[in-house]
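What follows is each chain in one-letter form.
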Amino acid sequence: MADEQKIVVEVPSDRGYSPVPSLQLSKLEEFKKGWTDAIAFPDNIADLAFDLTSCIAIPALFGSCWVSLPMPDFIRVGLIGLLLVAGVCVLYMRQAVPEVRDILLLRVGLVAIGVLIGL
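Everything quoted here is computed from the prediction, not taken from an experiment.

1. Let's talk about the overall build of the chain
Then comes step 1: From N to C terminus, the chain includes four helices and zero strands.
Then comes step 2: Listing every helix and strand of the chain by position from the N terminus yields α-α-α-α.
Then comes step 3: A burial count over the chain gives 13% of its 119 residues as buried.
Then comes step 4: Excluding contacts between residues fewer than 6 apart, the proportion of contacts in the chain whose partners are at least 24 apart in sequence is 67%.
Then comes step 5: For the chain, the computed accessible surface area is about 9,900 Å², with 68% contributed by carbon and sulfur atoms.

Below, the structure is given as structure tokens:
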């Protein structure tokens, strides 16, 4: 018995130790929080400027290509169908996650401005 190793257990101090398990969010709340975090604007000024600029510039580029490049009609119809599906998804997200309503509408507005600039 003399050659047994001692086991040392360190107990954290009272500052960071909580014997009660933390509350876990339901799957729906995790879904809502995930979308809120994904759509929220960044805190950094440079990232915010890039984000707002890209919300306008990328749709303006696509709008410009839509007008100036010759595309077959089936591609145009497919893109319009894709835009309709995206619009339905935006409306569903607006209804399902009320926390993102204002930010989502602002982003959709910026995209609409970009499309109008591109045309």
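2. Some points on the nonpolar core
Then comes step 1: Counting five residues, the largest nonpolar core consists of Ile39, Met93, Val97, Val100 and Leu104.
Then comes step 2: Here Val100 is in contact with Trp35, Thr36, Ile39 and Met93, once residues within four sequence places are set aside.

3. Things to note about helix H4 (residues 101-118)
Then comes step 1: End to end, H4 covers 26 Å across 18 residues, agreeing with the expected 26 Å (1.5 Å per residue, within 8%).
Then comes step 2: Of the positions making up H4, those classed as buried are Leu104, Arg107, Leu110, Gly114 and Gly118. Seen end-on, H4 carries its buried residues on one side only, within an arc spanning 125°. Residues Asp102 and Leu116 are exposed on H4 and point more than 90 degrees away from its buried face.
Then comes step 3: Contact partners of the buried residues in H4: helix H1 (27-39), helix H2 (45-68) and helix H3 (73-96).

4. With respect to the packing of aromatic side chains
Then comes step 1: According to the stated counting rule, one finds one aromatic pair in the structure shown.
Then comes step 2: A ring pair is formed by Phe31 and Trp35, whose centres lie 6.5 Å apart and whose planes are at 70°; its orientation type is edge-to-face. Note that Phe31 and Trp35 are positioned in helix H1 at a spacing of four residues, about one turn of the helix.
Then comes step 3: Its relative accessible area of 36% is what places Phe31 among the partly exposed residues.

5. Observations concerning the pattern of salt bridges
Then comes step 1: In this structure the tally under the stated criterion is two salt bridges.
Then comes step 2: Asp37 is the partner of Lys33 in a salt bridge, and the nearest nitrogen-oxygen pair spans 3.3 Å. Of this pair, Lys33 and Asp37 both sit in helix H1, four residues apart, roughly one helical turn.
Then comes step 3: Of the charged contacts, one joins Asp51 and Arg107 as a salt bridge, the two residues approaching to 2.6 Å between their closest N and O atoms.

6. Let's talk about a nonpolar patch on the surface
Then comes step 1: The grouping of Val67, Val111, Val115, Leu116 and Leu119 at the surface amounts to a nonpolar patch, some 450 Å² of accessible area in total.
Then comes step 2: Inspection of the secondary structure assignment puts Leu119 in the segment after H4.

7. Concerning the side chain of Lys32
Then comes step 1: Within the secondary structure layout, Lys32 lies in helix H1.
Then comes step 2: It turns out Lys32 is buried and unbridged, and the closest side chain with the opposite charge, Glu29, is 4.5 Å from it.
Then comes step 3: For Lys32, the residues in contact, after removing those within four places along its chain, are Ala96, Val97 and Glu99.

Calculation criteria
Residues numbered from 1 in each chain as written. Predicted model: local features only at pLDDT ≥ 70, side-chain atom pairs only at ≥ 80, totals over all residues. Heavy atoms only, no water. Helix = DSSP H or I, 4+ residues; strand = E, 2+ residues; numbered from the N terminus. Buried < 20%, exposed > 50% of the residue type's maximum accessible area, 1.4 Å probe, protein only. Contact = heavy atoms within 4.5 Å. Areas by Shrake-Rupley, 256 points an atom, 1.4 Å probe, with all protein chains shown as cover. Core = buried A, V, L, I, M, F, W, Y, C linked by side-chain atoms within 4.5 Å. Expected span 1.5 Å × (residues − 1). Arc of directions from axis to C-beta. Phe/Tyr/Trp six-rings, centres within 6.5 Å; stacked < 30°, edge-to-face > 60°. Salt bridge = Lys/Arg side-chain N within 4 Å of Asp/Glu carboxyl O. Patch = residues over 30% accessible without salt bridge, like charges linked within 9 Å, V, L, I, M, F, W, Y side chains within 5 Å. Lys, Arg positive; Asp, Glu negative; His and termini not counted.

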